[in-house]
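# A look at the structure
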Amino acid sequence: MKQNIYFDNAATTAVRKEVFAAMKPFFEREFGNPSSVYEIARNAKRHIEDARLKVAKAIGAEPEEIYFTGSGTEADNWAIKGAADANKNRGRHIITSVIEHHAVLHTCEYLEKNGFDVTYLPVNEHGIIEPEELKKAMRPETIVVSLMFANNEIGTIQPIKELAEITKSGGAIFHTDAVQAVGHVEIDVKEMNIDMLALSGHKLGAPKGVGALYIKKGTKIEQFIHGGGQERRKRGGTENVAGIVGLAVAVELASVEIEDERKRLEFLRDKLIKGIEEKIPHIRVNGHREKRLPGNVNVSFEFIEGESLLLHLDMSGIFASSGSACTSGDLDPSHVLLAIGLPHEIAHGSLRLTVGRDNTESDVDKVLEVLPGIVQRLRDMSPLYNPEN
Ligand SMILES: *Cc1c(COP(=O)(O)O)cnc(C)c1O
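These remarks concern the structure in this document. No experiment lies behind these values; they were computed from the predicted model shown.

## Quick notes on empty space enclosed by the protein
The full count for this structure, using the stated rule, is one cavity of 30 Å³ or more. In this structure, the largest cavity occupies an estimated 30 Å³ of space. Along the walls of the largest cavity sit Gly183, His184, Ile258, Glu261, Arg262, Leu265 and Pro294, which together make up its complete lining. Classifying every residue of the lining of the largest cavity by side-chain character gives three nonpolar, two polar and two charged.

Structural data, given as structure tokens:
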């Protein structure tokens, strides 16, 4: 039987079996609406509050500062639009970066069309947002700064504490999209001076369709989803009880295992990077070598298309992601790879392998065994490739 190897853990992850087990009762006998009064409803309500406590604990927040949402995207939208709206009388300037996820970038573009002024900070060649750039961009009318904790494509981890400090001393609200970081990097929102933080279940072993937003007490923010009085009247909609319970179990497990898992993933990541560097010429590793998510590998191969590489890997049962978005009908290469200075043709030849909980060293060995041959075959078909070089 062909064994598939999943190396796209930054796109989504499988639901962990402990998470699935914890969720199951809430689809079955504990199906009550948490807003009702009888026993199965009260139980559901109690489990949501227990989940809130677990999520809060994992990031150093208070339980009343955690709001469950329908996704990481919703949490980012709410944070930025909600804070922009509630603070627009103080100013209409927002700062973000060029390497954000579309959940943040497209939200900021929407606000630009609605009377806000947005500064997109550049990054250096490693994908790091330089604190100096933020200092230069801050204005008296800056109300919100949204900078991601760790990048989903090249894995770069940002100097969040420093960026938050600059934001706070300029009197603005600091939001971070920590969807890729939670469960992989230690986070303490109080120690790091973070006002708002978005996270998502399906990137860390919980199901799709559940996320959370941490909102520091006292932060001025408008309600985003209007409806019933759920989530302390801040986010309407009957709670996704099973999803919330699953999210909390995943977050709790990840924070217990964080150190061991970090070491294990870093070992696999570095073995992959080193193996690719040794076996394949004309490549470039994207992102910072050390300030990098433990499971992220992002490499550009000259003279080939990332999309063809993905198809060939797929045929070998290896599931990965590329640096371009051709599959989504968009011919532009990744905005993140362009932002770190890659020329279009190099950015097009990029491959992202994201190692996760279920990957083993033999998965890494298998990739290192088949990848060089695939790259060579694709290069042999390329009119630009000259083996004499
Ligand atoms: C996946 C992801 C999101 C979106 O989260 P969803 O729950 O899929 O909506 C936002 N930001 C980053 C960095 C991500 O990787």
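After that view of the structure, there is still more to cover.
## Here we look at the site of the ligand
In the vicinity of the ligand there are 13 residues, among which Thr73, Asp177, Gln180, Ser200 and Lys203 approach most closely. For the ligand, an oxygen atom lies 2.6 Å from a polar atom in the side chain of Gln180. His202 places a side-chain nitrogen or oxygen 2.8 Å from an oxygen atom of the ligand. Here the ligand, which alone exposes 380 Å², has 90% of that area covered by the protein. In terms of residue count, helix 3 (residues 72-87) provides more of the shell around the ligand than any other element does, three residues in total.

## Examining the nonpolar core
Counting residues in each nonpolar core, the largest one holds 65 residues, and the members touching the most others are Ile66, Phe68, Leu134, Phe149, Ile187, Ile194 and Leu197. When residues in this core are grouped by element, the largest group, 10 residues, is from helix 8 (residues 241-279). Apart from residues no more than four positions distant in its own chain, Ile187 is found in contact with Ala58, Ile59, Gly60, Phe149, Ala178, Ala181, Val182, Met192 and Leu197.

About the criteria used
- Residues numbered from 1 in each chain as written.
- Predicted model: local features only at pLDDT ≥ 70, side-chain atom pairs only at ≥ 80, totals over all residues.
- Heavy atoms only, no water.
- 1 Å grid on protein atoms, 1.4 Å probe; cavity = no way out; pocket = protein on both sides within 12 Å on 5 of 7 lines; lining within 4 Å.
- Points joined across faces, edges and corners; volume = space filled by probe spheres on them.
- Nonpolar A, V, L, I, M, F, W, Y, C, P; charged D, E, K, R; others polar.
- Near = heavy atom within 4 Å.
- Polar contact = N/O pair within 3.5 Å; in protein donor to acceptor, adjacent residues only side chain to side chain.
- Areas by Shrake-Rupley, 256 points an atom, 1.4 Å probe, with all protein chains shown as cover.
- Helix = DSSP H or I, 4+ residues; strand = E, 2+ residues; numbered from the N terminus.
- Core = buried A, V, L, I, M, F, W, Y, C linked by side-chain atoms within 4.5 Å.
- Buried < 20%, exposed > 50% of the residue type's maximum accessible area, 1.4 Å probe, protein only.
- Contact = heavy atoms within 4.5 Å.

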